[in-house]
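Notes for the structure review
Listed below, chain by chain, are the residues.
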Amino acid sequence: MDENSERRRADVTTVELVGGVEALDLQLHEHDERWAQAYREHERRIRDALAGVDVEVEHIGSTSVPGLAAKPVVDIVVAVDDITAEEDYLDGLLAAGYVLRVREPGHRLVRTPARDVHVHVLQRDDPAVDEYLLLRDHLRSDAEDRALYESTKRALMTGRWDDTNAYADAKTDVIVAIKARARAARGRG
């Protein structure tokens with residue numbers, strides 16, 4: 001099946017970064033149970049905003065892993081049937097108070113005006129959804145990899161990051177290695 005066969009229209013082909021590049025103020029905080037509560041509140045807000053739309057909503061990122069230090073930004077993934085059908089989800093999210101930050105092929109990002117919650121919208125069959133969950137679930141259950149990931153983030157904090165994406169890219173090698181171990185542990189090596 002062609003990847004676009006389930007889409008109403010062709011996806012965007014460029015990256016639209018609303019507001020331009022932003023410097024990253026990197027401060028890791030010890031895990032805070034309030035992050036789980038914030039997720040639950042935003043999950044409810046998202047589901048209310050998208051009532052009638054079939055979505056999957058999951059808490060991802062470091063704030064979703066008990067015991068892991070993190071930037072105090074709650075990341076949420078919302079899986080929709082058709083990423084190109086923005087009329088099905090984007091208007092509702094914007095009406096619920098989220099602000100569009102990124103529109104790029106296969107991905108939309110809205111966030112709170114306070115920038116403390118990022119909502120990543122992806123198409124349901126996008127492998128990135130499974131990758132987020134694979135990493136989250138493994139870090140929740142593997143103390144050694146959780147410590148490695150945290151020490152990597154702490155080491156990266158010693159540098160200056162003029163772009164959030166550059167910081168994310170700097171973690172890639174460690175994340176790839178951790179996910180490889182996660183797949184092996186699940187027997188999908």
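Structure first, text after, so check above.
Here the structure is a predicted model, which is why all the values come from computation and not from measurement. (Residues numbered from 1 in each chain as written. Predicted model: local features only at pLDDT ≥ 70, side-chain atom pairs only at ≥ 80, totals over all residues. Heavy atoms only, no water.)

Details of the pairing of strand β4 (residues 99–104)
In this structure, strand β1 (residues 16–17) lies alongside β4, joined through two bridges in antiparallel fashion. If you follow Leu-17 over to β4, its bridge partner there is Val-102. From the end of β4 to the start of strand β5 (residues 107–111), which pair antiparallel, there are two residues, and Gly-106 there has a positive phi angle of about 80°. (Pairing = 2+ DSSP bridges. Helix = DSSP H or I, 4+ residues; strand = E, 2+ residues; numbered from the N terminus.)

Let's talk about helix α3 (residues 127–141)
For an α-helix, 3.6 residues make a turn, and residues three or four places apart therefore share a direction. With 15 residues, α3 ought to run about 21 Å at 1.5 Å a step, and its terminal C-alpha atoms sit 21 Å apart, in line with that. Its side-chain oxygen placed 2.8 Å from the backbone nitrogen of Ala-128, Asp-126 serves as the N-cap of α3. (Expected span 1.5 Å × (residues − 1). Polar contact = N/O pair within 3.5 Å; in protein donor to acceptor, adjacent residues only side chain to side chain.)

Considering the layout of surface pockets
One number sums up the size of the largest pocket: a volume of about 1,500 Å³. What lines the largest pocket is a set of 49 residues, and nearest its centre among them are Lys-71, Asp-75, His-120, Thr-164 and Ala-168. For the lining of the largest pocket, the elements supplying multiple residues, two or more each, are β4, β5, β6 (117–123), α3, α4 (143–156), α5 (164–170) and α6 (172–185). A total of six residues in the lining of the largest pocket trace back to one element, the largest contributor, which is α3. Looking at side-chain class alone, the lining of the largest pocket contains 22 nonpolar, 12 polar and 15 charged residues. (1 Å grid on protein atoms, 1.4 Å probe; cavity = no way out; pocket = protein on both sides within 12 Å on 5 of 7 lines; lining within 4 Å. Points joined across faces, edges and corners; volume = space filled by probe spheres on them. Nonpolar A, V, L, I, M, F, W, Y, C, P; charged D, E, K, R; others polar.)

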